[in-house]
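# What the coordinates show
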Amino acid sequence: MATLSLPLRSQIALRRPRQRRRRHDEFCERISCQSKQHAGSWRLQASYKGLETLHDDGYQAVKDLDYYYQSLGELVEHDTGPPRLFCPVDAGLPIENAPLMLYLPGVDGMGMGLFMHHKALGRIFELRCMHIPFHDRTPFEELVAMVEDVVRVEHATSPNKPIYLLGTSFGGCIALAVAARNPHIDLILVLVNPATSFEKSDIKQLLLVSSPLSDHARIAIASLLNYSIDNEVDMALSIMRSGKHPFEALNRLTNNISAFLRHSNILNKIPEDTLGWKLKLIEQAASYANCRLQSVTAEVLLLISCADRLLPSKSEADRLQKTLPKCKVFFFENHGHSLLLEYGVHVSSIIKCADLYRHSRRYHRVFDYIPPSSTELKEVDKASSDLRFRTCPTMFSTMEDGTVVRGLAGVPEEGPVLLVGNHMLLGIELISLAAEFLRRKRIVVRGIAHPLLFPDKKRTSSEGHDFFDFLNLWGGVPMTYKYIYQLLAAGEFVLLYPGGHREALHCKGEEHRLFWPDQTEFVRMAAQFNATIVPFGVVGEDDLMELLCTFEDIRNAPFGKEMMQAYSNHLKLRDVDHEVFFPGVYLKIPGRFYYRFGKPIPTRGRQEVMTDRQAASELYMHVKSEVERMITYLLEKREEDKFRSIAPRIMYQLARGLGSEIPSFDP
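Heads up: these notes are all about the structure in this document. Here the structure is a predicted model, which is why all the values come from computation and not from measurement.

With that out of the way, let us pick up the overall build of the protein. Counting secondary structure elements, the protein contains 24 helices and 19 strands. Here the protein, with 667 residues, has 59% of them falling under the buried criterion. On the protein, roughly 28100 Å² of surface is accessible, and the fraction owed to carbon and sulfur atoms is 54%.

This is the structure we're talking about:
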């Protein structure tokens, strides 16, 4: 593999399903044998291979486009030779066993279009970027063959690892061509506004009409159409929201705009016949890829700009999704053609949210999990800022000597830990709980959730992430015994709600009540791996909303029972003793959420729990009574909190600063 050797400053060198006791015992015995054999490997695999929680993915540092344009200028001036691949220096070293990602650039061929993502992608992939010099005249099929050779060599070396092809515009056609010619290789394509729609684009017609002009003038026209002033404004506003002085944001805005204009002299260094050659090349690429779409069997993720002024990318996404059998689409409503150069686009997060990041042929939610980065926590905070402002969650924990303290100091630092508690309506407490563990202890809490919360989303059109994306970023897994055993064997922090959907969809009069089944499986699971059980309680939904209906109100309504049954069937809830239905709510003047984590309950040395039903039942009832005690404690103590209502909290922060921590009751 060749690398660039230019003298550049910027060198790029729960509700759990019921089972018969005998079947469960057999399963426990089988998993027990597996866990003893593989616990070490599981622990290693789930240690994220050296990637720390809240790692720096490079997105927090707003990239200066002057760096990008200066690098392009130096490349054009000094670069010669054939097409080749390079490893970006600023990508750093990838994690252990990272899959390969090849970046295939747009028709410019420079390979610098990914510079805002080098660090984020370079941590979780072995990243290589394709570079095609402006002076090069290699035909399209030879470019495909070059990429294909790399893919085949890598596949021969690691046949069970996937290979990622990230292609933007013209590069998307190369990726599709390679995938069509190699259906037996495990490829994952990430295509950014692919140029398969070039024949239907307005830019083609514009370039043909402007043919009397010089090539430099026509390239300048295309560049101006592609430039997004809206993105520059969004970047400046984000700088202001981060607390920096408005003049700094204005300075960055003017610098980026002037950099675009200042480096327009790059056009003078481009060979005169370049535009004609590039047009011919992209026409060949689009035709070649379109003729072979039926042969593409790889997983495909389309990143589509709805405001693309060069290609009809939005309509093209609809066509490609109908043609490609394993295709997901992520739409960006207010972004232009050069999506990877625009602010607020986090490719690594999108790949993780789409369940497409894996190290082997099959995606595994435990072994392939990557912990959230600092940017992803920031996105969580941004999306949940309104809820956090309204509820101002405050957390307490219990030390080994029984002392209750504010914060999470009483929660163990190392796993395996099983957090067991109660749901509020719709699991509204989840976001704050997971975010606080990340922020205060840098611990990822792996939630066990109903499979309904892990939809196979084929199209996502919202700006930012939704709740289902956050569940993936936080390492949530569907409720199965297999996942719980693997997580505990890996020494993880596991979050379990025995009341499951019945608690999360309770009705009026059932606030802060537990609806736990009689089974004692989770205590047996904990004992299997000497896990520490931490019971916790949470209250406050009644200070945020008022439930409208009881179950009896719904049942007695016309067709009420039928509606409840249909709703339960729609949610695919199995083995349900009690139908569920959303009771309807109206919001109140916000109060506050309170969490208390009880005294940790170790299971080390309590192996009798695994075989003795009576011992398991006693431990189960002890945990349940502790959760009920935590709830009662919080309901009583919150009456002492002067800042339970939102009004005094606002006054406190106005006096002491918006970032100041608001006091609570004395534990």
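Trans is the prevailing form of peptide bonds, just as negative phi is the prevailing case for residues other than glycine. Omega for the peptide link from glycine 415 to proline 416 comes to 5°, which places this bond in the cis form. Within the secondary structure layout, proline 416 lies in the loop between strand 9 (404–406) and strand 10 (417–420). Here the phi dihedral of arginine 442 falls at roughly 50°; this positive angle occurs in a residue that is not glycine. Mapped onto the secondary structure, arginine 442 falls in the loop between helix 15 (430–441) and strand 11 (445–449).

Next up on the list: a nonpolar patch on the surface. A surface patch of nonpolar side chains, about 550 Å² in accessible area, is lined by Phe389, Ile650, Met651, Leu654 and Leu658. By residue number, the principal contributor to the nonpolar patch is helix 24 (residues 646–656), which donates three residues. As for its position among the elements, leucine 654 is in helix 24. Given a relative accessible area of 61%, leucine 654 falls into the exposed group.

Glancing now at the sheet that holds strand 1 (residues 84–86). Here we have eight strands laid out as an open sheet, ordered 1-3-2-4-5-6-7-12, and mixed in their pairing. Looking at strand neighbours, the two that pair on one side only are strand 1 and strand 12 (459–460), the edges of this open sheet.

A rise of 1.5 Å per residue sets the reference length of helix 5 (residues 170–181), with its 12 residues, at 16 Å; its end C-alpha atoms lie 17 Å apart and thus fit the reference within 8%. Counting buried positions over the 12 residues of helix 5 gives 11, a clear majority of the element. Along helix 5, the positions that sit buried rather than exposed are Phe170, Gly171, Gly172, Cys173, Ile174, Ala175, Leu176, Ala177, Val178, Ala179 and Ala180. Contacts made by the buried residues of helix 5 are with strand 2 (100–104), strand 3 (126–131), helix 4 (140–157), strand 4 (163–168), strand 5 (187–192) and helix 10 (274–291).

Contact pair helix 4 / helix 5: the axes reach a minimum separation of 9 Å and the direction vectors enclose 60°. Here helix 4 is positioned oblique relative to helix 5, judged by the angle of their axes. Considering how the two elements wind past one another, helix 4 and helix 5 form a crossing that is right-handed. Of helix 5, the residues touching helix 4 (which contributes Phe140, Glu141, Leu143, Val144, Ala145, Val147, Glu148, Val151 and Arg152) are Phe170, Cys173, Ile174, Ala177, Val178 and Arg181. A class-by-class count of the residues in the contact of helix 4 with helix 5 yields 11 nonpolar, no polar and four charged.

Before going further, it helps to spend a moment on the packing of aromatic side chains. In this structure the tally under the stated criterion is 18 aromatic pairs. Note on phenylalanine 536 and phenylalanine 597: the rings are 5.3 Å apart at their centroids and 35° apart in plane angle, and the pair reads as tilted. Of this pair, phenylalanine 536 sits in strand 15 (residues 532–539) while phenylalanine 597 sits in strand 18 (residues 594–597); the two residues are 61 residues apart in sequence, bridging distant segments of the chain. Take phenylalanine 536 and phenylalanine 597: they sit in the same class, and that class is buried. Over the ring of tyrosine 369 we find arginine 446; its NZ or CZ atom is 4.1 Å from the centre of that ring.

Summarising the element assignment, histidine 335 is placed in the loop between strand 7 (327–332) and helix 12 (347–353). Within the local environment of histidine 335, its side chain forms a polar contact with the side chain of glutamate 342, the two groups lying 2.7 Å apart.

Time to look at the packing of helix 13 (residues 374–383) against helix 15. Contact geometry for helix 13 and helix 15: axes closest at 11 Å, N-to-C directions at 145°. In this structure, helix 13 crosses over helix 15, and the sense of that crossing is left-handed. Two secondary-structure elements touch here, helix 13 through Leu377, Val380 and Asp381 and helix 15 through Ile431, Ala435, Leu438 and Arg439. Residue composition of the contact of helix 13 with helix 15, by class: five nonpolar, no polar and two charged.

Right, let's get into empty space enclosed by the protein. Here the largest cavity is characterised by a volume of approximately 200 Å³. The wall of the largest cavity is formed by 20 residues, among which Cys353, Ala354, Lys457, Thr460 and Asp469 lie closest to the centre. The set of elements that each furnish at least two residues to the lining of the largest cavity consists of strand 7, helix 12, strand 12 and helix 16 (467–473). Tallied by class, residues from the lining of the largest cavity come to 10 nonpolar, two polar and eight charged. The calculated volume of the second largest cavity comes to roughly 110 Å³. What lines the second largest cavity is simply Lys352, Tyr357, Tyr363, Arg365, Asp368, Tyr369, Ile370, Arg446, Asn472, Leu473, Gly475 and Gly476.

Another point: the pattern of salt bridges. Under the defined criterion, the tally for this structure stands at 36 salt bridges. One salt bridge in this structure joins arginine 128 and glutamate 154, with 3.7 Å as the shortest N-O distance. Of this pair, arginine 128 sits in strand 3 while glutamate 154 sits in helix 4, placing them 26 residues apart in sequence. The exposure class assigned to arginine 128 is buried, which follows from its relative accessible area of 12%. In this structure, lysine 328 engages aspartate 456 in a salt bridge whose closest nitrogen and oxygen atoms are separated by 3.3 Å. Taken together, the residues lysine 328 in strand 7 and aspartate 456 in the loop between strand 11 and strand 12 connect sequence positions 128 residues apart.

Before going further, it helps to examine helix 13. What sets the pattern is the α-helix's 3.6 residues per turn: residues three or four places apart point alike. Of the positions making up helix 13, those classed as buried are Thr375, Glu376, Leu377, Glu379 and Val380. Residues of helix 13 that are buried in the fold lie against helix 12, helix 15 and helix 16.

With respect to the helices and strands, serine 660 occurs in the segment after helix 24. What serine 660 contacts, discounting residues up to four positions off in sequence, is Tyr652 and Gln653.

The buried fraction of strand 15 is high, at eight of eight residues. Of the two faces of strand 15, the one holding Thr532, Val534, Phe536 and Val538 and the one holding Ile533, Pro535, Gly537 and Val539 are both buried throughout. Here strand 15 pairs with strand 18 via four bridges, running antiparallel. Residue pairing for strand 18: glycine 537 is matched across the bridge by arginine 596.

Bringing the environment of lysine 637 into the picture now. Position of lysine 637 relative to the elements: it lies in helix 23 (residues 613–637). Expressed as a C-alpha distance, the spacing of lysine 637 and serine 664, which sit 27 residues apart in the sequence, is 9.6 Å. At 3.0 Å, the side chain of lysine 637 and the backbone oxygen of aspartate 666 are in polar contact.

When a protein is soluble and globular, its nonpolar side chains tend to lie buried together. Phe140, Leu165, Ile174, Leu187 and Leu189 are the most contacted members of the largest nonpolar core, which has 51 residues in total. Excluding its chain neighbours within four sequence positions, the residues that come into contact with isoleucine 174 are Leu104, Met130, Phe140, Leu143, Val144 and Val147. Ile448, Phe522, Met525 and Tyr620 belong to the second largest nonpolar core, which has 42 residues in total.

About the cut-offs
- Residues numbered from 1 in each chain as written.
- Predicted model: local features only at pLDDT ≥ 70, side-chain atom pairs only at ≥ 80, totals over all residues.
- Heavy atoms only, no water.
- Helix = DSSP H or I, 4+ residues; strand = E, 2+ residues; numbered from the N terminus.
- Buried < 20%, exposed > 50% of the residue type's maximum accessible area, 1.4 Å probe, protein only.
- Areas by Shrake-Rupley, 256 points an atom, 1.4 Å probe, with all protein chains shown as cover.
- Patch = residues over 30% accessible without salt bridge, like charges linked within 9 Å, V, L, I, M, F, W, Y side chains within 5 Å.
- Salt bridge = Lys/Arg side-chain N within 4 Å of Asp/Glu carboxyl O.
- Pairing = 2+ DSSP bridges.
- Expected span 1.5 Å × (residues − 1).
- Contact = heavy atoms within 4.5 Å.
- Axes fitted to C-alpha atoms, helices over the stretch in contact; angles between N-to-C directions.
- Parallel < 35°, antiparallel > 145°, perpendicular 65-115°, else oblique.
- Left-handed = near helix turned anticlockwise from the far one by under 90°.
- Nonpolar A, V, L, I, M, F, W, Y, C, P; charged D, E, K, R; others polar.
- Phe/Tyr/Trp six-rings, centres within 6.5 Å; stacked < 30°, edge-to-face > 60°.
- Lys NZ or Arg CZ within 6 Å of the ring centre and 35° of its normal.
- Polar contact = N/O pair within 3.5 Å; in protein donor to acceptor, adjacent residues only side chain to side chain.
- 1 Å grid on protein atoms, 1.4 Å probe; cavity = no way out; pocket = protein on both sides within 12 Å on 5 of 7 lines; lining within 4 Å.
- Points joined across faces, edges and corners; volume = space filled by probe spheres on them.
- Core = buried A, V, L, I, M, F, W, Y, C linked by side-chain atoms within 4.5 Å.

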